Amino acid sequence: MSYPRSMAALVPALARKALGGGRSAIGSLFADWPSVVGDHWADKAVPEKLSFPAGKRDGGTLALRVDPADALLLQHDQDRLIERINGHFGYAAIVRIKLLQAPLARRPATPRRRSLTPGEEAMLAGPLESVDDPEWKSRLAAFGRALYARTPPR
């Protein structure tokens, strides 16, 4: 008989399948890339491959895909990037960055949110009158506005 398992119990096995054995380092780097290198470089460079010398988990080389126009700037800033990446790992995981000059797939722009019509504001305010807590009421109103702003006007 099989019992229900939590999602947290399934994630490591799925990550191993997706990233291969021993690839959790590059997986965490992919997942945390904007927070590791900052928004400036996260938009201009993407990690492609992390390789280590045989039998070691330090002194590795990180291959980054970078827009050709930004490659020279990144080359000048690579010491700082290596320091930030090693800070993420907590040890000297990489010692070298290899640049792969190729166009990056651009992230789609976040759509602008529209303003609510007076009728939508009134529809939102009605159910919120029964909420007593002012903080809870303002959070619910913000949530409702965000939902309405995603859809075309009624």
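Residues numbered from 1 in each chain as written. Predicted model: local features only at pLDDT ≥ 70, side-chain atom pairs only at ≥ 80, totals over all residues. Heavy atoms only, no water.

A word on the pattern of salt bridges
Heads up, the rule is: For salt bridges, the criterion is a side-chain nitrogen of Lys or Arg within 4 Å of an Asp or Glu carboxyl oxygen. Only protein chains enter the accessibility calculation, which uses a 1.4 Å probe; a residue whose area is less than 20% of its type maximum is buried, one above 50% is exposed, and one in between is partly exposed.
Taken as a whole and judged by the stated rule, the model has five salt bridges. We note a salt bridge from R80 to D77, for which the minimum N-O separation is 3.4 Å. For R80, a relative accessible area of 54% translates into the label exposed. Judged by relative accessible area, which is 14%, D77 ranks as buried.

Brief notes about the nonpolar core
Selection rule: Here, the term nonpolar core denotes a set of buried Ala, Val, Leu, Ile, Met, Phe, Trp, Tyr and Cys residues that are joined through side-chain atoms within 4.5 Å. Each helix is a run of DSSP H or I of at least 4 residues and each strand a run of E of at least 2, with the numbering of both proceeding from the N terminus. In this description, contact between two residues means that some pair of their heavy atoms is separated by no more than 4.5 Å.
If you look at the biggest cluster of nonpolar residues, it comprises 21 residues, and the most contacted ones within it are W33, V37, L62, L74, I85 and I94. At the level of elements, helix 2 (24-37), helix 3 (39-42), strand 1 (45-51), strand 2 (60-66), helix 4 (71-76), helix 5 (78-89) and strand 3 (94-101) are the ones that each hand at least two residues to this core. Look past the residues within four positions of I94 in its chain and what remains in contact with it is L50, G60, L62, I82, I85 and N86. Residues L116, L124, V131 and Y148 belong to the second largest nonpolar core, which totals seven residues.

Observations regarding the sheet that holds strand 2
Our working rule: Two strands qualify as a pair provided DSSP detects at least 2 bridges between them. A fitted line through C-alpha atoms serves as each axis, taken over the contacting stretch for helices, and the angle formed by two N-to-C directions is quoted from 0 to 180°.
Ordered by their spatial adjacency, three strands build an open sheet running 1-2-3, and the pairing between neighbours is mixed. Every interior strand has two partners, whereas the edge strands, strand 1 and strand 3, have only one. Strand-to-strand twist in this sheet, taken as the mean axis angle between neighbours without regard to direction, amounts to 25 degrees. One ladder, built from six bridges, connects strand 1 with strand 2; its direction is antiparallel. Bridging from a neighbouring strand, V46 pairs with R65 of strand 2. Across the sheet, helix 5 lies against strand 1, strand 2 and strand 3, angled at about 120 degrees from strand 3, the strand it touches most.

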